[in-house]
Amino acid sequence: MRASRRSVLAGGLAVAGAGALPVVAAVEPLRLRRGIALWPWFSLTTEFPAPRTDYAWPPFQADRPVPSRDDLRRLAELGFDFARLPLDPGPFVVFAGARRAELLGTLSDAIDAVLATGMRVLLNVQANAATHHYTPGAFYGSEQAPLYPAYRGLIAELARLCARKGPDRVALEPVNEPPQACGAGAWNRVQAGLLTAARDAAPDLTLVATGACGSLVSGLTALDPATFGRFAPLLYTFHFYEPYLFSHQGATWLTEEPFYRWLKAVPWPGAAARLPETLAAIRARMAADRAVPQAEKARDFAVIETKLREYGAADPGPAYLAQAMAPVSTWADLYGIPARHVLMGEFGALRTDSRYTASRPADRAAYLGDVRRAAERAGFAWSFWNLFDGLGLMDDGHAVDPALVAALGLGRRR
């Protein structure tokens, strides 16, 4: 039976009538519609290098951008109805006693500050893959992961905190972008354990489930939610950055695919006629860089030419996005999951600013608007990534980008 379900999804067939496999419980989850991530409020830590496995105090970098109460109020006024609050679990696992209580108190105050604006809160726990010890694999790579028991205990504690704030105002997302392969049994077991811990601690709290392989569309559609009814109220989430050639152009952190660092001026929509202009901009960028060896540039440029040809041939635009997102609707229909129970938990695109050379402002706004509309047409809630940094809604001076406000369909009377 499971194999036939997967073949239905792979074939993209519509499921209706007797073919449906309803798994939805009667309990309605917290209603979310338009959100924004508040990273790095509880991220960007100050862990000591190996072989130490502890953090400085306080554990979060003092110069990280943090939203003010005015910032939060402005977000609510623009029309966001919830904030997704990412949290690095490392410090919350390391510290005990008075310092742990202080961390939890600071988190509680942050949640209260968001709720005071009228927005709801989705607390999302995000292990940091860049650290040397408190990594996603160490926390939830499997049930035998060294830090899994501590992580599971933290999820239960956070569930209790969220429940105290009111299950009609706060929800909990136990994991961000699981590292396991799509459909991995290890992830299914880990997620069931985390959801069980949260549900036992907070019977009425809305929880969020996701698929493996980084919460991609293919991760969610490989997830069989037949046994998830016991965790209701429940939302399901996926992340959407397709096509990566556009959304991640200029990304310097993708060291396994170094050609991304050179990409700039990749157009949206991706009309093939505009690509020679893109290649010229990339050549100029490479020529201006004296630090990278010519052979390395030549290698990357060859990859870029191939990738851009593929990009142009795919004719990326609104129809491309709708097709890339369609498997989520097919999956939800297959299992009888209402579209309003599905959250596009992240989408975004890198901008050109003082740190990055990436997409042009008009192209970025057009792309984000098209992704947002594709999700809304499918009936999904969404959360934009994010408030600050190279993908942010606000710049370093906390000024809001009006083009992005318009692209997100905000700032107008509803």
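Analysis parameters
Residues numbered from 1 in each chain as written. Predicted model: local features only at pLDDT ≥ 70, side-chain atom pairs only at ≥ 80, totals over all residues. Heavy atoms only, no water. Helix = DSSP H or I, 4+ residues; strand = E, 2+ residues; numbered from the N terminus. Expected span 1.5 Å × (residues − 1). Buried < 20%, exposed > 50% of the residue type's maximum accessible area, 1.4 Å probe, protein only. Arc of directions from axis to C-beta. Contact = heavy atoms within 4.5 Å. Core = buried A, V, L, I, M, F, W, Y, C linked by side-chain atoms within 4.5 Å. Pairing = 2+ DSSP bridges. Axes fitted to C-alpha atoms, helices over the stretch in contact; angles between N-to-C directions. Salt bridge = Lys/Arg side-chain N within 4 Å of Asp/Glu carboxyl O. Parallel < 35°, antiparallel > 145°, perpendicular 65-115°, else oblique. Left-handed = near helix turned anticlockwise from the far one by under 90°. Nonpolar A, V, L, I, M, F, W, Y, C, P; charged D, E, K, R; others polar. Phe/Tyr/Trp six-rings, centres within 6.5 Å; stacked < 30°, edge-to-face > 60°. Right-handed = clockwise from strand over helix to strand, strands pointing away.

Asks: Looking at this structure, how should I read helix α11 (residues 275–288)?
Replies: Given 3.6 residues per helical turn, the α-helix brings residues three or four places apart onto the same face. With 14 residues, α11 should cover 20 Å at 1.5 Å per step; its first-to-last C-alpha distance of 20 Å lies within 8% of that length. What α11 keeps buried is the set L275, T278, L279, A281, I282, R285 and M286. In an axial view of α11, the angular spread of the buried residues amounts to 160°, which keeps them on one side of the axis. Residues of α11 that are exposed and angled more than 90 degrees away from the buried face: P276 and A288. Buried residues belonging to α11 abut α12 (294–313).

Asks: In this structure, what is going on with the nonpolar core? I would like to understand it.
Replies: Across soluble globular proteins, you tend to see nonpolar side chains buried next to one another. Counting 111 residues, the largest nonpolar core has L38, L75, F80, L107, L172, F238 and L393 as its most contacted members. Setting aside chain neighbours within four positions, we find L107 in contact with F42, L85, L87, F92, L123, L158 and L161.

Asks: Please explain the sheet that holds strand β7 (residues 206–210) as it appears in this structure.
Replies: Within a sheet, neighbouring strands are paired by backbone hydrogen bonds and run either parallel or antiparallel to one another. In spatial order, the strands read β1-β4-β5-β6-β7-β8-β9-β10; together these 8 strands close into a barrel with parallel pairing. For this sheet, the mean angle separating the axes of adjacent strands, direction not counted, is 25°. This element, helix α6 (residues 148–165), spans β4 (82–87), β5 (120–125) and β6 (170–173) of the sheet and lies at about 165° to β6.

Asks: Got a minute to help me understand the pattern of salt bridges in this structure?
Replies: Opposite charge on two side chains permits them to pair, given that their charged atoms come into close proximity. Taken as a whole and judged by the stated rule, the model has 19 salt bridges. E296 is the partner of R261 in a salt bridge, and the nearest nitrogen-oxygen pair spans 2.6 Å. Of this pair, R261 sits in the loop between α10 (244–247) and α11 while E296 sits in helix α12, and the two are 35 residues apart along the sequence. The exposure class of E296 is partly exposed, given its relative accessible area of 27%. The closest approach of N and O atoms between D370 and R373, which form a salt bridge, is 3.0 Å. With D370 and R373 both in helix α14 (residues 361–378) and 3 residues apart, the pair spans about one turn of that helix.

Asks: Whenever I open this one, the packing of α11 against α12 confuses me. Can you help?
Replies: Angle between the axes and distance between the axes: these two values describe a pair of packed helices. Where α11 meets α12, the axes come as close as 11 Å, and the angle between the chain directions of the two elements is 165°. Relative to α12, α11 is oriented roughly antiparallel. α11 and α12 meet at a crossing whose hand is right-handed. For the pair α11 and α12, the contacting residues are L275, T278, L279, I282, R283 and M286 in the first and K297, D300, F301, I304, E305, L308, Y311 and G312 in the second. Partitioned by chemical class, the residues of the contact of α11 with α12 number 8 nonpolar, 2 polar and 4 charged.

Asks: Looking at this structure, I do not really get the packing of aromatic side chains. What am I missing?
Replies: Geometry of an aromatic ring pair is reported as the spacing of the ring centres plus the angle between the planes. Tallied over the entire structure, the rule returns 22 aromatic pairs. Look at F228 and F231: their rings are 6.0 Å apart centre to centre, the planes differ by 85°, and that puts the pair in the edge-to-face class. With respect to burial, F228 and F231 carry one shared label: buried. Seen in terms of ring centroids, W253 and Y356 are 5.9 Å apart; in terms of plane orientation they differ by 85°. Their pairing is edge-to-face. Of this pair, W253 sits in the loop between α10 and α11 while Y356 sits in the loop between β9 (342–346) and α14, and the two are 103 residues apart along the sequence.

Asks: Sorry, what's going on with the pairing of β7 here?
Replies: Every other side chain in a regular strand lies on the same face of the sheet, so the side chains alternate between the two faces. Burial analysis of β7 places 5 of its 5 residues in the buried class, the great majority of the element. Neither face of β7 is open: one carries T206, V208 and T210, the other L207 and A209, and all of them are buried. Sheet topology places β6 next to β7; 2 bridges connect them, and they run parallel. Bridge pairing links A171 to T206 in β7. Taking the sense of rotation as the criterion, the β-α-β connection linking β6, helix α7 (residues 185–201) and β7 turns out right-handed. Here 4 bridges tie β7 to strand β8 (residues 234–239), and the two strands are oriented parallel to one another. Within β8, the residue paired with A209 across the bridge is Y236.

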